[in-house]
Amino acid sequence: MENIEIIMINIYIILTVSTNLLVGMTGMLSLGQAALYGIGAYISVLGLMILNLPLIPTLILVLIATALVSLLLAYPSMRLHGDYFVLATLGFQIIVYNIL
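To start, this report covers the structure provided alongside it. Values in this document were obtained by computation on a predicted structure and should not be read as measured data. (Residues numbered from 1 in each chain as written. Predicted model: local features only at pLDDT ≥ 70, side-chain atom pairs only at ≥ 80, totals over all residues. Heavy atoms only, no water.)

1. Let's talk about the packing of helix 2 (residues 33-50) against helix 4 (residues 83-99)
Stage number 1. For the pair helix 2 and helix 4, interaxial distance at closest approach is 8 Å and the crossing angle is 30°. By the angle between their axes, helix 2 is roughly parallel relative to helix 4. In this structure, helix 2 crosses over helix 4, and the sense of that crossing is left-handed. Packed against helix 2, whose contacting residues are Q33, A34, A35, L36 and I39, the element helix 4 presents F92, Q93 and V96 at the interface.
Stage number 2. Class assignment of the residues belonging to the contact of helix 2 with helix 4 gives a composition of six nonpolar, two polar and no charged. (Axes fitted to C-alpha atoms, helices over the stretch in contact; angles between N-to-C directions. Helix = DSSP H or I, 4+ residues; strand = E, 2+ residues; numbered from the N terminus. Parallel < 35°, antiparallel > 145°, perpendicular 65-115°, else oblique. Left-handed = near helix turned anticlockwise from the far one by under 90°. Contact = heavy atoms within 4.5 Å. Nonpolar A, V, L, I, M, F, W, Y, C, P; charged D, E, K, R; others polar.)

2. What to know about helix 4
Stage number 1. End to end, helix 4 covers 24 Å across 17 residues, agreeing with the expected 24 Å (1.5 Å per residue, within 8%).
Stage number 2. Here helix 4 has its buried residues at F85, V86, T89, F92 and V96. Looking straight down helix 4, one finds its buried side chains confined to an arc of 125°; they lie on one side. Opposite the buried face of helix 4, at more than 90 degrees from it, the exposed residues are D83, Y84, L87, I95, Y97 and N98.
Stage number 3. Next to the buried residues of helix 4 lie helix 2 and helix 3 (55-77). (Expected span 1.5 Å × (residues − 1). Buried < 20%, exposed > 50% of the residue type's maximum accessible area, 1.4 Å probe, protein only. Arc of directions from axis to C-beta.)

3. Some points on the layout of surface pockets
Stage number 1. Of the voids in this model, the largest pocket is the one considered here, and its volume is about 880 Å³.
Stage number 2. Elements that contribute at least two residues to the lining of the largest pocket include exactly helix 1 (3-26), helix 2, helix 3 and helix 4.
Stage number 3. At twelve residues, the largest contribution of residues to the lining of the largest pocket is made by helix 3. (1 Å grid on protein atoms, 1.4 Å probe; cavity = no way out; pocket = protein on both sides within 12 Å on 5 of 7 lines; lining within 4 Å. Points joined across faces, edges and corners; volume = space filled by probe spheres on them.)

4. Focus: the environment of L29
Stage number 1. For L29, the location among the structural elements is in the loop between helix 1 and helix 2.
Stage number 2. On the basis of relative accessible area, L29 is assigned to the partly exposed category, the value being 45%.
Stage number 3. Note: C-alpha distance between L29 and T19 (ten residues apart in sequence) is 8.4 Å.
Stage number 4. Aside from chain neighbours lying at most four places away, what touches L29 is V23, F85, V86 and T89.

Below you can see the structure in the form of structure tokens.
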């Protein structure tokens, strides 16, 4: 296997574990995880290439920024249950997709 294949496998493992954590522990299906993943990737590229930050400060920046965005999504949508929660996270996914 090439290095890129191993990297992609590891990325998909992280996404699978995060989905299992959310659905398995809470029983709530979220469709907005890819949006948060994309926000984190976008901010990491900005930090590394535009701001010329080293890797560790960039990762800290990505963690803080993605956590803040996820909190902005979580507070209003945690009041929703069932299909309404799925639709709220799907709407967030579509908004982020159109912006990015």
